[in-house]
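What follows is the residue order along each chain.
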Amino acid sequence: MGWIEAVLKGQKVLARADDTGKLVAEGGRVEIRYKPGDAKSYRAGQGNLEVVGTKVLPDAHCSAEAAPAPSAYEQKKQKKAASAARFDRETTPAKEGDDAP
């Protein structure tokens, strides 16, 4: 199984497909991802999907390894969160019985 490009309500998505490019539905719903590397999967009604791609992409196309690098904004946000956590650790007094350095 793999992924094929499809359109869901005007938005391009990646839909689960077999090796021939046919959508794989379970209970009338198809697993979709909004972008490669997206950890979150969704289920869309098969009738709401319009296949636009012809090439079946490998299963690895939508894995965590396919995720794009975080944007500069996300990197800055992560750095701020780590800095705040470090500040909290260094300024919070140790409780009695804790072996704090």
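The structure under discussion appears in the preceding block.
A. Region of interest: unusual backbone geometry. Backbone geometry places Lys-9, a non-glycine residue, at a positive phi of 50°. Among the structural elements, Lys-9 can be located in the loop between β1 (2–8) and β2 (11–17).

B. Quick peek at the pattern of salt bridges. Considering all chains together, one arrives at five salt bridges under this definition. Of the charged contacts in the structure, one is a salt bridge between Asp-59 and Arg-16, with a shortest N-O distance of 2.4 Å. Of the two residues, Asp-59 sits in the loop between β7 (57–58) and α1 (72–91) while Arg-16 sits in strand β2, which places them 43 residues apart along the sequence. For Arg-16, a relative accessible area of 12% puts it in the buried group. Its salt-bridge partner being Glu-74, residue Lys-77 comes within 3.6 Å of it at the nearest N-O pair. Of this pair, Lys-77 and Glu-74 both sit in helix α1, separated by three residues, roughly a single helical turn. Residue class for Glu-74 comes out partly exposed when judged on its relative accessible area of 28%.

Reading guide: rules and limits
Residues numbered from 1 in each chain as written. Predicted model: local features only at pLDDT ≥ 70, side-chain atom pairs only at ≥ 80, totals over all residues. Heavy atoms only, no water. Helix = DSSP H or I, 4+ residues; strand = E, 2+ residues; numbered from the N terminus. Salt bridge = Lys/Arg side-chain N within 4 Å of Asp/Glu carboxyl O. Buried < 20%, exposed > 50% of the residue type's maximum accessible area, 1.4 Å probe, protein only.

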